[in-house]
Amino acid sequence: VQLQASGGGLVQAGGSLRLSCAASGRTFSNYHMGWFRQAPGKEREFVAVISWSGGSTYYADSVKGRFTISRDNAKNTVYLQMNSLKPEDTAVYYCAASYRRNDFPGQRPDQYHYWGQGTQVTVSS
């Protein structure tokens, strides 16, 4: 499956952004979908994941209550609504797909099989 992330940008602290990740090539509902992020000089870290059906979600503690992951299987798209953004949320954000037969929630990058190209999110203080 090919993944294309979009929606990043520059926003002030306290602002909001919505990231989108459009999938193509294979049946979207065969995959759990996750978001990860990577700041300069840091390892890629888990942000959120949604199950193949959309019925279950899981978040990193650092974003819980501020970010919301959702998906529209009819549109082959997963979203990440980010509210109350903080400067420490600055990173390149990646969407990723994990086969639905895999354990949920997957929080490690090696549990994902396909990756988008990333979209930059910069939060100014």
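As the structure is a computational prediction, the values presented were derived from the model and not from experiment. (Residues numbered from 1 in each chain as written. Predicted model: local features only at pLDDT ≥ 70, side-chain atom pairs only at ≥ 80, totals over all residues. Heavy atoms only, no water.)

A closer look at the sheet that holds strand 7 (residues 67-72)
So, point 1. Taken in spatial order, the four strands line up as 1-3-8-7 in an open sheet, and their pairing is antiparallel. Because the sheet does not close on itself, it has two edges, and the strands there are strand 1 (2-6) and strand 7. Shown here is a sheet whose adjacent strand axes are inclined to one another by a mean of 15 degrees, direction ignored.
So, point 2. Bridge analysis of strand 3 (residues 17-24) against strand 8 (residues 77-82) gives six bridges, and the strand direction is antiparallel. Paired with R18 across the bridge in strand 8 is Q81. (Pairing = 2+ DSSP bridges. Helix = DSSP H or I, 4+ residues; strand = E, 2+ residues; numbered from the N terminus. Axes fitted to C-alpha atoms, helices over the stretch in contact; angles between N-to-C directions.)

What to know about the packing of aromatic side chains
So, point 1. The final tally for this structure, using the stated rule, is nine aromatic pairs.
So, point 2. Summarising the aromatic geometry, the rings of Y94 and W115 are spaced 6.5 Å apart at their centres and angled 80 degrees between planes, so their arrangement reads as edge-to-face. A residue pair is termed long-range when its members are at least 10 positions apart, and Y94 in strand 9 (residues 91-99) and W115 in strand 10 (residues 114-115) qualify at 21 residues.
So, point 3. On the basis of relative accessible area, Y94 is assigned to the buried category, the value being 14%.
So, point 4. Chaining the aromatic ring pairs together yields one cluster made of F36, F46, Y58, Y94, Y112 and W115.
So, point 5. Just above the ring of Y94 sits the side chain of R44; from NZ or CZ to the centre is 3.8 Å.
So, point 6. Against the face of W115 rests R44, its NZ or CZ located 4.8 Å from the ring centre. (Phe/Tyr/Trp six-rings, centres within 6.5 Å; stacked < 30°, edge-to-face > 60°. Buried < 20%, exposed > 50% of the residue type's maximum accessible area, 1.4 Å probe, protein only. Lys NZ or Arg CZ within 6 Å of the ring centre and 35° of its normal.)

Regarding the pattern of salt bridges
So, point 1. Evaluation of the coordinates by the stated rule reveals five salt bridges.
So, point 2. Its salt-bridge partner being D110, residue R108 comes within 2.9 Å of it at the nearest N-O pair.
So, point 3. For R108, a relative accessible area of 47% gives the class partly exposed.
So, point 4. For D110, a relative accessible area of 58% puts it in the exposed group. (Salt bridge = Lys/Arg side-chain N within 4 Å of Asp/Glu carboxyl O.)

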